Amino acid sequence: MSLRTFELEIMRYDPDKDSEPRFETFSVPCEEDWVVLDAVNYVKDNLDRTLSYRWSCHMAVCGSCGMMINGEPSLSCKTFMRHMPDKIRIEPLANFPIERDLVVVMDDFMDKLASVKPYLVAKEKKAVEDGSYLQSPAQLKKFKQYTLCINCTLCYSACPQYALGEGFVGPAALALAHRYNLDSRDVGRSARADVVASNEGIWECSFVGACSEVCPEHVDPAGAIQQTKIASTLDYFKDLITPGRDK
Amino acid sequence: MEMTTTDIVIVGAGGAGLRAAIAIAESNPDLKIALLSKVYPMRSHTVAAEGGAAGVAKDEDSLDNHFNDTVSGGDWLCDQDAVDLFVEQAPKELTQMEHWGCPWSRTSDGKVAVRPFGGMKIERTWYAADKTGFHMLHTLFQTSMQYPSIERYDEYYTTDLLMVDGACRGVAAIEMRTGQMRLFRAKAVIICTGGAGRVFPFTTNGAIKTGDGMAMAYRAGVALKDMEFVQYHPTGLPGTGILITEGSRGEGGILVNNDGYRYLQDYNLGPPDPWPRKKAMELGPRDRLSQAFWHEQKKGRTISTPHGDVVHLDLRHLGEKKINERLPMVRDLAISYVGVDPVKEPIPVRPVVHYTMGGIDTDIDAKTAVPGLFAAGECACVSINGANRLGSNSLTELLVFGSRAGRGAAEVAMAESTHVDESAIEKAAEEARAKVTGLFQNVGGGETISGLRKDMNSTMEEGAGIYRTEESLKDTCVTMKEIHARFANIDLEDKSNVYNTDLLQALELGAMIDVARAMAVSALNRQESRGSHQRLDFVERDDEKFLRHSLASYAGADDPGVDYRDVVITRSQPAERVYGGDQK
Ligand SMILES: Cc1cc2nc3c(=O)[nH]c(=O)nc-3n(C[C@H](O)[C@H](O)[C@H](O)COP(=O)(O)OP(=O)(O)OC[C@H]3O[C@@H](n4cnc5c(N)ncnc54)[C@H](O)[C@@H]3O)c2cc1C
Ligand code: SF4
């Protein structure tokens, strides 16, 4: 198999030693069918054992290997070397604090995910013995796309609003709230509205759409946010007509 | 050392760990739970499961059918009391997942849809397109967020179980962000750390599946059961080992050799009906299919590629619409990773290490022989999988036995009025810490992690692969013993505290070496062929001697000792496994 050599310019930062991030360059012979993650693994196994980054599945579903690759938030396991120029710059995902090298601090994202109450709120608790809820393929289709988020946080790296650091709940978490709101089995929308329609929720989004562009799973969080805005506006007017409706 | 006192520690936040946590929270919200995981829960490898989860769903199906398929699929090495319990609980657990919002695929009348799977007589595999594990894991994780008693410790690498007076009363873990060792004191501990496929070079298993929990329990004195049984999945992508789900054959995909011939008909799996006949041809069990590949390869009827020999999985006749609807991920993976669009071309595939049937010896209640210690999921061996797991039984297994482990641990925690003495557990934790700091003391031995890993991978593949012999296994046992000794000569390059993956990979390698040795020695001692364990020198199944579970016990530098325990047979006497047109 033919080899092509790439220069990987990788951002390094070890809080125990470095006062600020720096770049280090590695020369990596790559096979034709490699992805960027394979090249990074080559560095770790053969050139520098101290390089830190996250990865696991190597099939674009665990969501852990997101990195900035030549300035683009990308999954390194799904970015192919054959599409890359000879020199590649690899940095940790933008808009997150760096923990070490390519590892970022995930706390804020995890908190935001939990804040939208991402679980099914049923009208009444049904016993397992009573069987499943009925849900037509059409009802499933309504929210299916928004279940596909792998929590890779690429959209947070791409989002200009999240970059401001003003507490924006962000694309993936809002899309997840929307997923449950659209589920025919769920009645939790008003409980989620506290966060979703708050000052830090949907109204913060300036609809740049960068999130949907980088999303490797085609979740379209921008679309979810837009739809939620419309639904919330309708709620607002419905409330004016019939105050106190189903809160 | 900083100590956290809780009621129950769960190590592992994959499907089994999350299910256990929810079971505890639901059975008693006052019990405090510490859920430790070396990765964020949604990164756990349950996320990669594609095809589905088995549980009787159709009127014309029955629990007996599921029982019989599982027991014969496992070549009668399954404990039948456990299988009975499993098939009975399966539909309930899957329905519970539905109530929690799992987006199961549906039939036109709104019911949960089921698809055929290998070795299953009737369609009973619940699926969410071809991302079933992904949806189950995210549903469980999201559901778990509503229980305040579940305290998560994400990115905590557990190194040891802490034993006090012969009982397990906590764990020692490295907080990866700071590198600090932390002590968790509890009344019960549940291990849910998943499988160990990374012991082999070519596997569908993610980087995190390194058998850590198996090794922890093993070193703490629990036997590893049936470790010689390692499942090869017949359809992995060459090069990466990425899985192409059995669901694609459930939907009608066929396997052909270099002549375009459906070769499985030559291996007692025919006739080659144009429609998918259950338990025949491409819907035969995985062990048989992977073994058939091996024979085709020997006959020179496979297709050679730079990443090894392959056969073709042809889905073209399903058409673009069905492929997009039922197998969207398969299409995407094939296009991305081998440049083949299954709508237009057959997918190159080859057998790939997939699942560890063996694991931590537990009983039907997910209890181990050590008081206070439970295990569930792929790391455990109950055993419902016997010598060959049927596809789609393990996602269900982690629900059924995950919740059982949770409830069992809750009972233990409620029965214990006090925690063990601080000083006693601190002593155990200090020993665990000393082992880790010991790794930092470079000895100048010159061994590297990647070097040892490579040597382990290749000897396991060569000696303990699809087909094994006394000679090949003996070689592997000797080589693995050497690798175990060489491990002491590893020098860590990374001395930092923060997110030190050099250290973590060393610990993972240590776990894999112990697990690999248990596999190889158990395989050497089992002088018969059964399910996934095929010996060229003992080609027959030998019920007289080996209708028994093997139990490997840890012996440090020496090879493990291997004992045996009778299989629980309740109502299905061992018989010939018949697939294809000959089945009744
Ligand atoms: C590609 C693929 C497809 C599959 N498809 C199917 C299918 O269609 N149907 C089916 O039934 N089965 C399938 N399986 C098998 C099934 O997915 C697994 O057996 C199952 O998901 C294992 O779940 P688990 O909870 O036991 O472990 P995992 O999901 O692997 O979770 C293990 C957890 O333990 C944690 N952990 C491990 N070590 C440590 C440590 N030292 N310290 C702290 N935490 C630790 C990890 O962080 C993780 O959270 C598939 C498997 C693969 C690989
Ligand atoms: S919405 Fe898309 S980009 Fe954002 S976290 Fe989810 S999968 Fe990643």
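Refer to the structure above for everything that follows.
This one's a predicted model, so the numbers in the text were calculated from it and none came from an experiment. (Residues numbered from 1 in each chain as written. Chains lettered and ligands numbered in written order. Predicted model: local features only at pLDDT ≥ 70, side-chain atom pairs only at ≥ 80, totals over all residues. Heavy atoms only, no water.)

1. Brief notes about helix α3 (residues 137–144) of chain A
Line of reasoning, step 1. Taken as a whole, α3(A) has its buried residues at Leu140(A), Phe143(A) and Lys144(A). The arc enclosing the buried residues of α3(A), seen along the axis, measures out at 110°, which places them on a common side. Of the residues in α3(A), the exposed ones pointing more than 90 degrees away from the buried face are Ala138(A), Lys141(A) and Lys142(A).
Line of reasoning, step 2. Its buried side turned inward, α3(A) meets α6 (171–181) of chain A together with α4 (132–144) of chain B. (Buried < 20%, exposed > 50% of the residue type's maximum accessible area, 1.4 Å probe, protein only. Helix = DSSP H or I, 4+ residues; strand = E, 2+ residues; numbered from the N terminus. Arc of directions from axis to C-beta. Contact = heavy atoms within 4.5 Å.)

2. Description of the interface of chain B and chain A
Line of reasoning, step 1. Counting residues at the interface gives 67 residues for chain B, matched by 69 residues for chain A.
Line of reasoning, step 2. Carbon and sulfur atoms make up 53% of the area that chain B and chain A hide from each other, which totals about 5,300 Å².
Line of reasoning, step 3. Interface area lost by chain B to chain A is led by Arg43(B), His99(B) and Tyr337(B), which between them contribute 13%.
Line of reasoning, step 4. Between chain B and chain A we count nine salt bridges in total.
Line of reasoning, step 5. For Glu155(B), the salt bridge is made with Arg54(A), and the minimal N-O distance between the two is 2.8 Å.
Line of reasoning, step 6. If you look at where chain B meets chain A, you find 34 residue pairs in polar contact (both at pLDDT 80 or more).
Line of reasoning, step 7. Secondary structure elements with two or more residues in the side of chain B that touches chain A: α3 (80–99), α4, β7 (150–154), α9 (328–338), α12 (449–464) and α14 (501–525) of chain B.
Line of reasoning, step 8. For the side of chain B that touches chain A, the element with the highest residue contribution is α4(B), accounting for six residues.
Line of reasoning, step 9. Among the residues forming the side of chain B that touches chain A, the class breakdown is 24 nonpolar, 24 polar and 19 charged. (Buried area = accessible area lost by both parts, 1.4 Å probe. Salt bridge = Lys/Arg side-chain N within 4 Å of Asp/Glu carboxyl O. Polar contact = N/O pair within 3.5 Å; in protein donor to acceptor, adjacent residues only side chain to side chain. Nonpolar A, V, L, I, M, F, W, Y, C, P; charged D, E, K, R; others polar.)

3. A look at the sheet that holds β7(B)
Hydrogen bonding along the main chain pairs the strands of a sheet, whether they run parallel or antiparallel.
Residue and element names in this part refer to chain B.
Line of reasoning, step 1. An order of β7-β3-β2-β11-β19 is seen for the five strands of this open sheet, with the pairing classed as parallel. The open sheet is flanked by β7 and β19 (373–375), the only strands paired with a single partner. Direction aside, the axes of adjacent strands within the sheet are offset by 20° on average.
Line of reasoning, step 2. Across three bridges, strand β11 (residues 188–191) lies against β19 in parallel orientation. Considered in β19, the bridge of Ile190 is made with Phe374. (Pairing = 2+ DSSP bridges. Axes fitted to C-alpha atoms, helices over the stretch in contact; angles between N-to-C directions.)

Any functional reading would require information that these geometric values do not contain.
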